[in-house]
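Okay, here's what each chain looks like letter by letter:
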Amino acid sequence: ASNDVINTLVLSGISINAEGIKILSDIIRTYPQIKNLKLEWNILYDFPNEFDQFCNAVTTSCIVYLSLNNNKINSGMCSSIQYMIANAKNLLYLDMRWNEIGNDGAKLIIAALTKNQNIIELNLIGNKINGDTLRQIAEFMAKNKEFQNDYVFRGKVEQPKNKNQQIYNDIEQIIPLKVIEREK
């Protein structure tokens, strides 16, 4: 038996179906060691109900980094994204490049960002979102990063191997500096 722990799942371009999304949702709920998930190029648009279940599962998972690039996620699916962003306590990095979110979907995302200061990186390039809306999202990211600077991260963040790859590992716990100072 090996002591290796799988903390990253790369399920890019596997033509996942409705049953696969349900199984994945169960897996991320059950295995807290999974911190990084790439679910790119899977046309999640075809499975809105299962995608909603998946987003609910992310909120209770330990996932820190989630990539949903190129899945044809549209503004109609953004209520699921909105719920996920607003309620995911561990999610720090969300990559949703090259979907079909548009301005209406982006507004739902902005509403979610008002409820969650944990997310410090949200990439929405290629989603037909206007400049003003993207600036609003960028402002939230800047505020969230500033908020996170008041916290100490225990664990390590693995730096990207190159500019296009982002993998974040082993962020175990975030503790407010005030708590640390009180316990000294």
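Residues numbered from 1 in each chain as written. Predicted model: local features only at pLDDT ≥ 70, side-chain atom pairs only at ≥ 80, totals over all residues. Heavy atoms only, no water.

Peer 1: Whenever I open this one, the state of the cysteines confuses me. Can you help?
Peer 2: Joining two cysteines, a disulfide is a covalent bond between their sulfur atoms. All told, the structure shown has zero disulfides when counted by the stated rule. We note that C78 lacks a disulfide partner, and the nearest cysteine sulfur, in C55, lies 9.2 Å from it. (Disulfide = S-S within 2.5 Å.)

Peer 1: Teacher, can you tell me more about the pattern of salt bridges here?
Peer 2: Note on pairing: side chains with opposite charge can pair once their charged atoms come close. Inspection of the entire model under this criterion finds three salt bridges. One salt bridge connects R29 with D26, and the closest N-O pair in it is separated by 3.4 Å. Of this pair, R29 and D26 are both found in helix α1 (residues 18–30), three residues apart, which corresponds to roughly one turn of the helix. For R29, a relative accessible area of 42% gives the class partly exposed. On the basis of relative accessible area, D26 is assigned to the partly exposed category, the value being 46%. A salt bridge links R97 to D95; the shortest N-O distance between them is 2.9 Å. (Salt bridge = Lys/Arg side-chain N within 4 Å of Asp/Glu carboxyl O. Helix = DSSP H or I, 4+ residues; strand = E, 2+ residues; numbered from the N terminus. Buried < 20%, exposed > 50% of the residue type's maximum accessible area, 1.4 Å probe, protein only.)

Peer 1: Just to check I follow, could you spell out unusual backbone geometry for this structure?
Peer 2: Comment: phi is negative for the bulk of residues other than glycine, and the bulk of peptide bonds are trans. The phi dihedral of K72 is positive, around 55°, even though this residue is not glycine. By secondary structure assignment, the location of K72 is in the loop between β3 (65–67) and α3 (78–87). Judged by relative accessible area, K72 falls into the partly exposed class, the value being 40%.

Peer 1: When you look at α3 in this model, what are you seeing that I'm missing?
Peer 2: Side chains three or four residues apart in an α-helix point the same way, a direct result of the helix having 3.6 residues per turn. Here α3 has its buried residues at C78, S80, I81, M84, I85 and A86. Taken together, the buried residues of α3 touch α2 (48–60), β3, β4 (93–95) and α4 (102–113). (Contact = heavy atoms within 4.5 Å.)

Peer 1: Which parts of the structure should I look at to understand α4?
Peer 2: Over its 12 residues, α4 runs 17 Å from end to end, which matches the ideal 16 Å to within 8%, given 1.5 Å per residue. Those residues of α4 that sit buried are G102, G105, A106, I109, I110, A112 and L113. Buried residues of α4 fall within an arc of 155° about the axis and therefore sit on the same side. Away from its buried face, by an angle of more than 90 degrees, α4 presents the exposed residues D104 and K107. (Expected span 1.5 Å × (residues − 1). Arc of directions from axis to C-beta.)

Peer 1: What exactly am I supposed to notice about the side chain of N99 here?
Peer 2: Mapped onto the fold, N99 is located in the loop between β4 and α4. In terms of polar contacts, N99 uses its side chain to reach the backbone amide nitrogen of I73, at 3.1 Å. At a separation of 3.0 Å, a polar atom in the side chain of N99 contacts the main-chain carbonyl oxygen of M96. (Polar contact = N/O pair within 3.5 Å; in protein donor to acceptor, adjacent residues only side chain to side chain.)

Peer 1: When you look at the packing of α3 against α4 in this model, what are you seeing that I'm missing?
Peer 2: Think of two packed helices as two axes; the pair is described by the angle between the axes and how far apart they sit. Close contact between α3 and α4 brings their axes to 8 Å; oriented N to C, the two are set at 15°. The angle between α3 and α4 places the two elements in the roughly parallel class. Crossing of α3 against α4: the hand is right-handed. Two secondary-structure elements touch here, α3 through C78, S79, I81, Q82, I85 and A86 and α4 through G105, L108, I109, A111, A112 and L113. In terms of residue class, the contact of α3 with α4 is made up of nine nonpolar, three polar and no charged. (Axes fitted to C-alpha atoms, helices over the stretch in contact; angles between N-to-C directions. Parallel < 35°, antiparallel > 145°, perpendicular 65-115°, else oblique. Left-handed = near helix turned anticlockwise from the far one by under 90°. Nonpolar A, V, L, I, M, F, W, Y, C, P; charged D, E, K, R; others polar.)

Peer 1: Help me understand the packing of α2 against α3 in this model?
Peer 2: Viewed as axis vectors pointing N to C, α2 and α3 meet at an angle of 5°, and their least axial separation amounts to 8 Å. The pairing of α2 with α3 is recorded here as roughly parallel in orientation. Seen from α2, the contacting residues are F51, D52, C55, N56, V58 and T59; seen from α3, they are S80, I81, Y83, M84 and N87. Grouping the constituent residues of the contact of α2 with α3 by class yields six nonpolar, four polar and one charged.

Peer 1: Mind showing me how you'd approach the side chain of N144 here?
Peer 2: Following the sequence through the fold, N144 ends up in helix α5 (residues 131–148). According to the relative accessible area criterion, N144 is buried, its value standing at 2%. In terms of polar contacts, N144 uses its side chain to reach the backbone carbonyl oxygen of I119, at 2.7 Å. Excluding its chain neighbours within four sequence positions, the residues that come into contact with N144 are N116, Q117, I119 and I120.

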